[in-house]
Amino acid sequence: MIRIRRPDEVAKIRASARIVAEALDLSSRLVRPGLTTRELDQKIEELIRSRGATPSFIGYHGYPAASCLSVNAQVVHAIPGDYVLREGDIIGVDVGAYKAGYHGDGAFTFPVGEVSADARRLMEVTRECLRLAIEAVRPGNRVGAIGHAVQTHAEKHGFGVVRELVGHGIGERMHEEPQVPNYGRPDSGPTLRPGMVIAIEPMINLGTHEVETLEDEWTVVTRDGSLSAHYEHTVLVTETGSEILTVLDRAVVDESPLGSRG
Ligand code: MF3
Ligand code: CO
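Per-chain numbering applies: the sequence of each chain, read as written, is numbered from 1 onward. To label them, take the chains in the order written and letter them from A, then take the ligands in the order written and number them from 1. Note on the predicted model: pLDDT of at least 70 is required for a residue's local features to be given, and 80 or more for side-chain atom pairs to be given and counted; whole-chain, interface and lining totals, by contrast, use all residues. Side-chain descriptors were evaluated using all non-hydrogen atoms of the structure, hydrogens and water having been removed beforehand.

Undergrad: Please set out the packing of aromatic side chains residue by residue, giving values where relevant.
TA: Classification of ring pairs rests on two measures: the distance between centres of Phe, Tyr or Trp rings, Trp counted by its six-membered ring, which must be within 6.5 Å, and the angle between planes, read as stacked under 30 degrees, edge-to-face over 60 and tilted in between. This model, assessed by the stated rule, comprises four aromatic pairs. Measuring from ring centre to ring centre gives 4.9 Å for Phe 108 and Phe 110, while their planes differ by 25°; the resulting arrangement is stacked. Throughout this description, buried means an accessible area under 20% of the type-specific maximum (1.4 Å probe, protein chains only), exposed means over 50%, and partly exposed covers the range between. For Phe 108, a relative accessible area of 25% puts it in the partly exposed group. On the numbers, 4.8 Å between centres and 75° between planes, the contact of Phe 108 with Tyr 231 is edge-to-face. Of this pair, Phe 108 sits in strand β5 (residues 102-111) while Tyr 231 is found in the loop between β13 (228-230) and β14 (233-237), placing the two residues 123 residues apart along the sequence. One aromatic cluster is present, formed by Phe 57, Tyr 63 and Trp 218 through successive ring pairs. Only when the NZ of Lys or the CZ of Arg is both within 6 Å of the ring centre and within 35 degrees of the ring normal is a charge said to sit over the ring. It is Arg 163 that lies over the ring of Tyr 183; its NZ or CZ is 5.6 Å from the centre. Counting from the N terminus, the helices are DSSP H or I runs at least four residues long and the strands are E runs at least two residues long.

Here you go:
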């Protein structure tokens, strides 16, 4: 069952999602050559706790950290550790916050210093995929419209769309119905209704779409070793379109294709 959230529930998800946005904003200022992923994770955890929230990821199926910090060919779910960021890396920062019974979830991929033209293009196209996906969110559209928007844009640029991991409904649990794939037909999946809250998270590879999981049973990497980018917003379906909740200030996406901020 896909939950339709009451306004008081939306307010709580919005509050958690804003903390996620704060953590990503902090990350954008901290990411630099020489920083270890463990140090970044500790700062993220401190920020989340300082806002009276708990990191959603800690303890999730035994996950040991507050964030997933995925560098270069790591797609998602890489565990923070001793890795020292280097000029030219790209790092996907994925954060969840839980407060007053509700989760928010978001991710952003940052360049470390100067990065290659390929890396910049991949990040740009993946952000565009998320923006186009959010523009497909409006009552009456089906969940497949979201994945269709992502897949069409990514494949137009020759990039691979990760199939094994999907976006998701979010609320009292981090992962709820519906699944939100980043591929598919617009006339597939459940119909979006005002009050639904979903996390949309395209994962796009410079090369093949194929991925594999490392022996740590968490880190997902591209099979061909190519770069991968990941952006995620928690999004409310409104009467007229959508509202991005993982933002520092309120962002409304209406029916106009130009009226959005990804
Ligand atoms: N943010 C991820 C998602 O969107 C979940 C991270 S997995 C965890 O599905 F184990 F780290 F929590
Ligand atoms: Co998510």
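What follows continues from the structure just given.
Undergrad: So what about the site of ligand 1? Which residues, and what values?
TA: For each residue, the test is whether any non-hydrogen atom lies within 4 Å of the molecule or strand; if one does, the residue is near. Taken together, the neighbourhood of ligand 1 is formed by 13 residues, with Phe 57, Asp 94, Asp 105, His 175 and Glu 201 sitting nearest. We define a polar contact as two N or O atoms separated by no more than 3.5 Å, with the added condition that, inside protein, one atom must be a possible hydrogen donor and the other a possible acceptor, whereas residues neighbouring each other in sequence contribute only through side-chain atom pairs. One nitrogen or oxygen atom from the side chain of Asp 94 is found 2.9 Å from a nitrogen atom belonging to ligand 1. In this structure, an oxygen atom belonging to ligand 1 sits 3.2 Å away from a side-chain N or O atom of His 168. When its residues are assigned to classes, the shell around ligand 1 shows six nonpolar, three polar and four charged. Under the grouping applied here, Gly and all other residues not named as nonpolar or charged are polar, the nonpolar ones being Ala, Val, Leu, Ile, Met, Phe, Trp, Tyr, Cys and Pro and the charged ones Asp, Glu, Lys and Arg.

Undergrad: Got a sec to walk through the sheet that holds strand β10 (residues 203-205)? Specific residues and values, please.
TA: Pairing is antiparallel in the open sheet, where three strands are placed in the order β6-β10-β13. Every interior strand has two partners, whereas the edge strands, β6 (160-161) and β13, have only one. The pairing of β10 with β13 spans three bridges and is classified as antiparallel. When the bridges of β13 are listed, Asn 205 appears paired with Ser 228. A pair of strands is treated as paired once DSSP finds two or more bridges between them.

Undergrad: Now, about the pattern of salt bridges: what can you tell me, with residues and values included?
TA: In what follows, salt bridge is the name for a side-chain nitrogen of Lys or Arg lying within 4 Å of a carboxyl oxygen of Asp or Glu. Applying the stated criterion across every chain, the model contains 18 salt bridges. For Arg 163, the salt bridge goes to Glu 155, with nearest N and O atoms at 3.9 Å. Here Arg 163 falls in the partly exposed class, since its relative accessible area comes to 29%. For Arg 223, the salt bridge identified is with Glu 212, shortest N-O distance 3.5 Å. Of this pair, Arg 223 sits in the loop between β12 (220-222) and β13 while Glu 212 sits in strand β11 (residues 211-213), and the two are 11 residues apart along the sequence. Overlapping salt bridges bring together Arg 3, Arg 5, Arg 6, Asp 8, Glu 9, Glu 172 and Glu 176 as one network.

Undergrad: Give me the lowdown on the packing of helix α1 (residues 7-30) against helix α2 (residues 37-50), citing residues and values where you can.
TA: Two elements in contact, α1 and α2, have axes separated by 9 Å at closest approach and are oriented at 145°. When you trace α1 past α2, the crossing you get is right-handed. In contact with Ile 19, Glu 22, Ala 23, Leu 26, Ser 27 and Leu 30 of α1, α2 contributes Leu 40, Lys 43, Ile 44, Leu 47 and Ile 48. Taken together, the residues that form the contact of α1 with α2 break down as eight nonpolar, one polar and two charged. Structural elements are reduced to axes, namely lines fitted to C-alpha atoms, with helices fitted over the stretch in contact, and the angle between N-to-C directions of any two is expressed from 0 to 180 degrees. Helix crossings fall into two classes, left-handed where the near helix is turned counterclockwise from the far one by less than a right angle and right-handed where it is turned clockwise. Residue contacts are defined here by distance: any two heavy atoms, one from each residue, within 4.5 Å place the two residues in contact.

Undergrad: Describe the coordination of the cobalt ion (ligand 2), with residues and values.
TA: With water excluded from the atoms, a metal site may look incomplete; its donors are any N, O or S atoms within 2.8 Å, or within 3.2 Å for Na, K and Ca. Only Asp 105 (OD), His 168 (NE2), Glu 201 (OE) and Glu 232 (OE) from the protein reach the cobalt ion (ligand 2) as donors, at distances of 2.0 to 2.2 Å. Ordering the donors of the cobalt ion (ligand 2) by residue number gives the pattern D-x62-H-x32-E-x30-E. Taken as a pair, Asp 105 in strand β5 and His 168 in strand β7 (residues 167-169) lie far apart in primary sequence, 63 residues in all. Residue Asp 105 is classed as buried on the basis of its relative accessible area of 2%.

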